[in-house]
Amino acid sequence: MKKNTVIGSVSALALGFLVTTGTAIACSRFTYEGAAGAYYVGRSMDWMEDIGTNLWSFPRGMARDGGVGPRSIKWTSKYGSVVATAYDIGTADGLNESGVVANLLYLAESDYGDAATSGKPLLSLGAWAQYALDNFATVSEAVDALGQEPFTIVAAAAPNGKAGTVHLALTDATGDNAILEYVAGKLVIHHSRDYRVMTNSPLYDQQLAINEYWKEVNGLAALPGTHRASDRFARLSWNLNAAPREADPRLATATTFSLIRTVSVPLGLKDPEKPNISATIWRTVSDISQRRYYYDSSYSPNVFWVDLGKLKLTPGSTPMKLDLSSRPIIAGEASRLFKPAEPFKFISP
């Protein structure tokens, strides 16, 4: 496992990527700091189709396994969480009751290594974010534990046939951040409070190098405006640094939504020559201080939210599901709409 906490200079490779790439366009996320040490995480889900997202609440004390047969890693959840799924076969996004936020975003360069020869317990890619939410109360705790590489991730194609290749971002109640990527079969962790923005390709160290170039540009005069991942990274980074630190949670939440909307992609947008450019189908904001999870579907006129304190997360409680398959119009606090449900199964090959 490699740790990286230093922002590098602009490399020739990174600049080449800045000029030539037009692929791997799916999702953005960032950590916004309000006043008085309050933190909010905003993310967009950009995908080529509706991924059948539902919201789930999972209690503490759930017996879990990695979903990959006899060699699957096993654990018991220490923390309850509310999560958003992809195809109801994996956790794509979520917030746990200790204030850890997990976001999975597409990364074409991901390489998780050879599960057949690793000799380690196995974890389905769809369970990676859930493992972090179930087990860790802080980012530092997650970095220390995951840095030991206790499992090998097993990826499989999603129901639409596309490869599952993602990286993971974690944020906690102190504003600490970590970006976890598997490169050539090895885990690379970028751990710093300064690593507040993540999009997609290239790999994170190259993305940081590209952003160094844009730091020298006056964002009020010019910012990169395409939907490419490197452009969204630079635009979001500049806007995030320029945004005021709001004390009122309502204004802070509104600011977080306004920032993630600056990098959202309109519904229906397609480019035949760049098939990975995808529309934003939903956005989330995690208010870590208030343990409040906001959900904004591009198919609905309203934003709604879930207060974790109103969910049943004690050991022995029943997992609950908020079914969004019919694209319901929901407003306000929505914990009352969750219904008991058998937990979904993590995807396996």
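Presented here is an overview of the structure given in this document. (Residues numbered from 1 in each chain as written. Predicted model: local features only at pLDDT ≥ 70, side-chain atom pairs only at ≥ 80, totals over all residues. Heavy atoms only, no water.)

### Side note on the overall build of the chain
No. 1: A tally of regular secondary structure across the chain gives seven helices and 21 strands.
No. 2: Scored against the burial criterion, the 349 residues of the chain give a buried share of 58%.
No. 3: Accessible surface computed for the chain: about 13700 Å², of which carbon and sulfur atoms make up 55%. (Helix = DSSP H or I, 4+ residues; strand = E, 2+ residues; numbered from the N terminus. Buried < 20%, exposed > 50% of the residue type's maximum accessible area, 1.4 Å probe, protein only. Areas by Shrake-Rupley, 256 points an atom, 1.4 Å probe, with all protein chains shown as cover.)

### What to know about the packing of aromatic side chains
No. 1: Tallying each qualifying case throughout the model produces 18 aromatic pairs.
No. 2: Taking 5.2 Å as the distance between ring centres and 75° as the angle between the ring planes, the aromatic pair formed by Y131 and F151 counts as edge-to-face. Taken as a pair, Y131 in helix α3 (residues 128-135) and F151 in the loop between α4 (139-146) and β11 (152-154) lie far apart in primary sequence, 20 residues in all.
No. 3: On the basis of relative accessibility, which here comes to 10%, the residue Y131 falls in the buried class.
No. 4: On the basis of an interplanar angle of 90° and a centroid distance of 5.5 Å, the ring pair of F344 and F346 is categorised as edge-to-face. F346 shares its class with F344; the two are buried.
No. 5: Chaining the aromatic ring pairs together yields one cluster made of W56, F58, F344 and F346.
No. 6: Over the aromatic face of Y299 sits the side chain of R327, whose NZ or CZ is 3.7 Å from the ring centroid. (Phe/Tyr/Trp six-rings, centres within 6.5 Å; stacked < 30°, edge-to-face > 60°. Lys NZ or Arg CZ within 6 Å of the ring centre and 35° of its normal.)

### Here's the deal with the sheet that holds strand β17 (residues 292-297)
No. 1: Taken together, the seven strands give an open sheet; going across it, the order is β15-β2-β3-β16-β17-β18-β20, and neighbouring strands pair in mixed fashion. Sheet topology places β15 (197-198) and β20 (332-333) at the edges, where each strand pairs with a single neighbour.
No. 2: Note: β17 against strand β18 (residues 303-307), five bridges, orientation antiparallel. By the bridge assignment, Y293 is partnered in β18 with V306. (Pairing = 2+ DSSP bridges.)

### Details of the nonpolar core
Nonpolar side chains in soluble globular proteins tend to end up buried together.
No. 1: Residues F30, Y32, I51, L55, F304, L322 and F338 are the most contacted members of the largest nonpolar core, which totals 57 residues.
No. 2: Sorting elements by how many residues they give to this core places strand β3 (residues 39-47) first, with five residues.
No. 3: For F338, the contacting residues outside a window of four places in its chain are L55, W56, S57, V82, V306, L311, M320, K321 and L322.
No. 4: In terms of nonpolar packing, the next biggest core, distinct from the first, is built from 35 residues, I73, L104, Y131 and F344 among them. (Core = buried A, V, L, I, M, F, W, Y, C linked by side-chain atoms within 4.5 Å. Contact = heavy atoms within 4.5 Å.)

### A look at the pattern of salt bridges
Opposite charge on two side chains allows them to pair when their charged atoms are near.
No. 1: Here the structure, examined in full by the defined rule, presents 12 salt bridges.
No. 2: We note a salt bridge from R228 to D231, for which the minimum N-O separation is 3.4 Å. Of the two residues, R228 and D231, both sit in the buried class.
No. 3: K310 is the partner of D307 in a salt bridge, and the nearest nitrogen-oxygen pair spans 4.0 Å.
No. 4: The exposure class of K310 is exposed, given its relative accessible area of 53%.
No. 5: Three or more residues joined by partner-sharing salt bridges are found here, namely R261, R283 and D296. (Salt bridge = Lys/Arg side-chain N within 4 Å of Asp/Glu carboxyl O.)

### Quick word on α4
No. 1: Buried within α4 we find V139, A142, V143 and L146. For α4, the angular spread of buried residues about the axis comes to 100°, placing them on one side.
No. 2: You can read the cap of α4 off the contacts: a side-chain oxygen lies 3.0 Å from the backbone nitrogen of E141, and it is on T138. (Arc of directions from axis to C-beta. Polar contact = N/O pair within 3.5 Å; in protein donor to acceptor, adjacent residues only side chain to side chain.)

### Thoughts on the environment of Y40
No. 1: On the secondary structure map, Y40 appears in strand β3.
No. 2: On the basis of relative accessibility, which here comes to 2%, the residue Y40 falls in the buried class.
No. 3: For the pair formed by Y40 and T255, sequence separation is 215 residues and the distance between their alpha carbons is 9.6 Å.
No. 4: If sequence neighbours within four positions are ignored, Y40 has contacts with F30, T31, Y32, G34, P249, A252, T253, T256, S286 and D287.

### Some remarks on unusual backbone geometry
If a residue is not glycine, its phi is most likely negative; likewise, a peptide bond is most likely trans.
No. 1: The peptide bond linking S201 to P202 adopts the cis configuration, its omega dihedral lying at 5°.
No. 2: Residue D88 is not a glycine yet carries a positive backbone phi of 55°.
No. 3: Structurally, the position occupied by D88 is in the loop between β7 (81-86) and β8 (90-96).

### Examining the side chain of D88
No. 1: For D88, a relative accessible area of 17% translates into the label buried.
No. 2: A polar atom in the side chain of D88 sits 3.0 Å from the side chain of N54.
No. 3: With near-sequence residues (within four places) excluded, D88 lies in contact with G52, N54, W56, K321, F344 and K345.

### Description of the side chain of S44
No. 1: By secondary structure assignment, the location of S44 is in strand β3.
No. 2: Since its relative accessible area comes to 0%, S44 is described here as buried.
No. 3: Setting aside residues up to four positions removed in sequence, S44 forms contacts with C27, S28, I260, T280, W282 and R283.

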